[in-house]
Amino acid sequence: MKRKVDWRYLLVDIVFVCVRFLELAEILDKIESTTKRLEMVDLISSLLKRAEDDIRETVFLLQGKVAPDYEGIELGIAEKIAIRALASLSGLKEATIETELVKKGDLGKIGEELLRNKKQSSLLSEELTVKKVYGSLLKISKLSGGGSQTRKLQILLDLLQNAEPVEVRYLIRIVTGKMRIGVADMTIVDSIAVAFGTKEKSDMVEGAYNIMPNLPELAYRAMSGGIDSLTSLKVTAGIPIRSMLAERLPSLSDILEKMDGRFAIEYKYDGLRTQVHKIGNKVELFSRRLENITSQFPDIVEEIGKSVKAQNAILDGEAVPFNLDTNEMLPFQEISRRRGRKYDLKETIEKIPVVLFLFDAMMINGTNLMDVPYAQRRLKLTNTIEESQNIKIAKSRVVSDVESAERFFNEALEAGCEGIMAKSIEDKSIYKPGAREFLWIKYKREYQLEMEDTVDLVVVGAFGGQGKRSGGYGALLMAVYSREEDKFRTVCKLGSGFSDEQLDNLPRMLKPYSLKSRDHRVESTIDADFWFTPSLVLEVKGAEITLSPTHTCCRDIVKKGAGLAIRFPRFTGKWRTDKKADEATNEQEIIEMYHSQRKKVLADNA
DNA sequence: TGTGTCTGCCC
DNA sequence: ATTCTGC
DNA sequence: GCAGAATGGGCAGACACA
């Protein structure tokens, strides 16, 4: 008799802890409807307290992920396959849904509405749980090879068919990687602190997150071992640390003011951020987002083994493509060709050698240096590294006035760098992941107020906006003008630099020029959602001109089969209403900009 | 077997 | 990457 | 000032499909 009762309680318990996906979706909906972080933290922390056995899966889904970034587990499906799934679910054509997306800018909401309008009741519907959804997504991530896309689609479809409208909204958002609820990692950090401790524990949880960047795991540990169990986490070679990032300021004098006297200043190399872990005889490399990139840089791995005079170490640096014969830094695009490479590794290593410039040390021989001031870390670094052809220490200097800073900055540019990093050397100058407190400040050539790097481009097309830009344009298609040929050739899209108000005004401003299809003078390989008679001219700032496989500006002129494009384009806020379309920047000017920016020889320190 | 599209990740 | 915005 | 969410160019790999 007694046994029977226990058994029943056990069952009830199992059913109770099982978080329904509908419950999660409704909480996500509530979170989405507020802009107040405190309310979000309230909602999430109470969710975490109830999640129990489902806590890891719950946090993963809250983040819209199935695994931490550094595990290299990807869904391999996103917007296009979500569109296919919704087409299949609703019986509509894919093109119809794509049109809707351009108009409405939220595939999740489109899916939700499709389901609401569907008359047929969900008779066969099986209730979704957090575990079930997570399990299905994990299954999707594990499929590969021929026919895998169809099978992934089928699994997604199974979920959608069993989903309530609001569940569809978030299933689609999770799959497309656009949660849009105003919650990202730091809000979850706060929520873990509140759920299993108090708000005052936020900094501590953040510290744990910095050295174990896996929120589901942290939430689980906080729940099962108590919040203070997180303090026992240790920096460990082999487990990546969240990278420290830099703020930006528009001038060296601003930096001087912020730094309060003396500060260190370093070359800012244009390459791949690389976190080096030496674990005895083993070396592992991680990217800024903590992906494991070890296999792509066997040359660096080998050299680190020789150059690092410590058993264990965690170091920070920038891997730069380099011509070892001419001592010249190569364009960023070159190292892109090594990142992610699996095939033809040997040939590519020979063609594109890489120099790693180290600039920080977070751990050496088991000693955690993250809480030690910059100067000490730097000293430890220089004492531990024996420079070689491929491993170097980033060039640095300590300055206390604008003139010396300026001189160093110009040196950096001469050497082919993007600019400089200013780093605090005060007592508080710890290694603090994320970009906070202006401990590191970057300053690039392009930040200078001079007009040098701006161009006046013509709007020839536009794209429907998503998320907070729903219903309007999200970006514009911009072109240069060729007077000789009377052609407008694209050189970039433009979606940054607009205030909300400017964005709101765009459709009105462009309406008079609206066309049904591309103007015959416009040459574009990109298919815009909206086309215009080239008329409106905007001032655009960029970092540099790059070779482009897609844009048609100056195609085949500098290089066969390639055009030119603008790297990091943004609207300066200046409408060049004084200019007509044919007065826009022309191709010749872009070519000149391209040639005048070639990298200079890196004389010393290389 | 070659090409185009999509995805994910660098900046 | 850059930029804008609400808190 | 922080945190989050819009948006850019462009690379390699995986897969679909002709």
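Reading guide: rules and limits
Residues numbered from 1 in each chain as written. Chains lettered and ligands numbered in written order. Predicted model: local features only at pLDDT ≥ 70, side-chain atom pairs only at ≥ 80, totals over all residues. Heavy atoms only, no water. Helix = DSSP H or I, 4+ residues; strand = E, 2+ residues; numbered from the N terminus. Rg over C-alpha atoms; globule rule 2.2 N^0.38 Å. Buried < 20%, exposed > 50% of the residue type's maximum accessible area, 1.4 Å probe, protein only. Areas by Shrake-Rupley, 256 points an atom, 1.4 Å probe, with all protein chains shown as cover. Domains from an automatic or database assignment. 1 Å grid on protein atoms, 1.4 Å probe; cavity = no way out; pocket = protein on both sides within 12 Å on 5 of 7 lines; lining within 4 Å. Points joined across faces, edges and corners; volume = space filled by probe spheres on them. Near = heavy atom within 4 Å. Polar contact = N/O pair within 3.5 Å; in protein donor to acceptor, adjacent residues only side chain to side chain. Nonpolar A, V, L, I, M, F, W, Y, C, P; charged D, E, K, R; others polar. Contact = heavy atoms within 4.5 Å. Phe/Tyr/Trp six-rings, centres within 6.5 Å; stacked < 30°, edge-to-face > 60°. Lys NZ or Arg CZ within 6 Å of the ring centre and 35° of its normal. Core = buried A, V, L, I, M, F, W, Y, C linked by side-chain atoms within 4.5 Å.

(A) A look at the overall build of chain A. When helices and strands are counted, chain A shows 21 helices and 22 strands. Expected size for 606 residues packed as a compact globule is a radius of gyration near 25 Å; at 27 Å, chain A falls within 12% of this value. Seen through its principal axes, chain A has C-alpha atoms that stretch 85 × 65 × 50 Å. The buried share of chain A, taken over its 606 residues, is 52%. A total of about 29000 Å² of accessible surface is found on chain A, and carbon and sulfur atoms cover 49% of it.

(B) Representation of the domain arrangement of chain A within the structure. When its domains are assigned, chain A resolves into domain 1 (21–176), domain 2 (185–232), domain 3 (245–444) and domain 4 (450–601). Distance between the C-alpha centres of domain 2 and domain 4: 45 Å.

(C) Up close: unusual backbone geometry. Of note, R180 is a non-glycine position whose phi angle comes to about 55°, a positive value. Position of R180 among the secondary structure elements: in the loop between helix 10 (165–176) and helix 11 (185–196). You can call R180 partly exposed: its relative accessible area is 29%. Phi at N327 is positive, roughly 60°, even though this residue is not glycine. Looking at the element boundaries, N327 is found in the loop between strand 5 (312–323) and strand 6 (328–329). When its relative accessible area of 24% is taken as the criterion, N327 is described as partly exposed.

(D) Geometry of empty space enclosed by the protein. Tallied over the full model, the rule gives two cavities of 30 Å³ or more. Taken as a whole, the largest cavity encloses approximately 50 Å³ of empty space. What lines the largest cavity is simply E79, D106, L107, G108, R173, T176, K178, R180 and Q466. Contributions of two or more residues to the lining of the largest cavity are made by helix 7 (107–117) and helix 10.

(E) Inspection of the protein's contact with DNA strand C at higher detail. Residues in contact with DNA strand C amount to 14 residues; listed here are only the nearest, T35, R248, R288, S496 and R570. Counted by atom, the contact set of DNA strand C within 4 Å of the protein is 95% sugar and phosphate. The separation between a phosphate oxygen of DNA strand C and a polar side-chain atom of Y447 is 3.0 Å. S496 places a side-chain nitrogen or oxygen 2.7 Å from a base oxygen of DNA strand C. Along the lines of polarity and charge, the residues of the surface near DNA strand C split into three nonpolar, four polar and seven charged.

(F) Summary view of the environment of G271. Here G271 is to be found in the loop between strand 2 (263–268) and strand 3 (272–279). Note on G271: relative accessible area 13%, which makes it buried. Considered as a pair, G271 and P569 are 298 residues apart in the sequence and their alpha carbons are 19 Å apart. Once residues lying within four places of it in the same chain are set aside, the contact partners of G271 are E318, A319 and F332.

(G) Up close: the protein's contact with DNA strand B. Taken together, 19 residues are adjacent to DNA strand B, and E74, A78, R273, S287 and E291 come closest. Atoms of DNA strand B within 4 Å of the protein: sugar and phosphate make up 93%, bases the balance. Between DNA strand B and I81, the relevant distance is 3.3 Å, taken from a phosphate oxygen to a main-chain nitrogen or oxygen of the residue. Elements with a contribution of two residues or more to the surface near DNA strand B: helix 5 (79–90) and strand 3. Examining the composition of the surface near DNA strand B, we find that three residues originate from one element, helix 5, more than from any other. Grouping the constituent residues of the surface near DNA strand B by class yields seven nonpolar, three polar and nine charged.

(H) Representation of the packing of aromatic side chains. For the coordinates displayed, the defined rule picks out 14 aromatic pairs. On the basis of an interplanar angle of 20° and a centroid distance of 5.6 Å, the ring pair of F60 and Y134 is categorised as stacked. Of this pair, F60 sits in helix 4 (residues 55–63) while Y134 sits in helix 8 (residues 130–142), and the two are 74 residues apart along the sequence. Here F60 and Y134 have matching classes, each one buried. Summarising the aromatic geometry, the rings of Y267 and F408 are spaced 5.2 Å apart at their centres and angled 55° between planes, so their arrangement reads as tilted. With a gap of 141 residues between them, Y267 in strand 2 and F408 in helix 19 (residues 402–414) connect regions that are remote in the sequence. When its relative accessible area of 4% is taken as the criterion, Y267 is described as buried. Among the aromatic residues, ring-to-ring pairing joins Y267, Y269, F322, F357 and F408 into one connected group. In this structure, K258 packs its charged tip against the face of F438, placed 4.1 Å from the ring centre. A cation sits over an aromatic face here: K423 above W440, 3.7 Å from the ring centre.

(I) The environment of N162, seen in detail. The residue N162 is located in the loop between helix 9 (148–161) and helix 10 in this model. Exposure remark for N162: the relative accessible area of 16% places this residue in the buried category. In sequence terms N162 and S125 are 37 residues apart; their C-alpha atoms lie 4.8 Å from each other.

(J) Focus on the environment of A208. Take A208: it is sitting in helix 12 (residues 202–211). The spatial distance from the C-alpha of A208 to the C-alpha of R598 is 43 Å, given a sequence separation of 390 residues. What A208 contacts, discounting residues up to four positions off in sequence, is L218, L230 and L233.

(K) Seen up close, the nonpolar core. Counting residues in each nonpolar core, the largest one holds 117 residues, and the members touching the most others are L137 and I192. Setting aside its immediate chain neighbours within four residues, I192 contacts L48, G197, V205, L215, L218, A219, A222 and I227. The next biggest cluster of nonpolar side chains, apart from the first, holds 28 residues, and it includes L457, F498, L503 and C553.

(L) Examining the side chain of R173 more closely. By the secondary structure assignment, R173 is in helix 10. With a relative accessible area of 1%, R173 lands in the buried category. Looking at R173, its side chain comes within polar contact range of the side chain of E32, at 3.0 Å. At 2.7 Å, the side chain of R173 forms a polar contact with the side chain of D106. If we ignore the near neighbours within four places in the chain, the residues touching R173 are E32, D106, G108, K109, K178, M179, R180 and I181.

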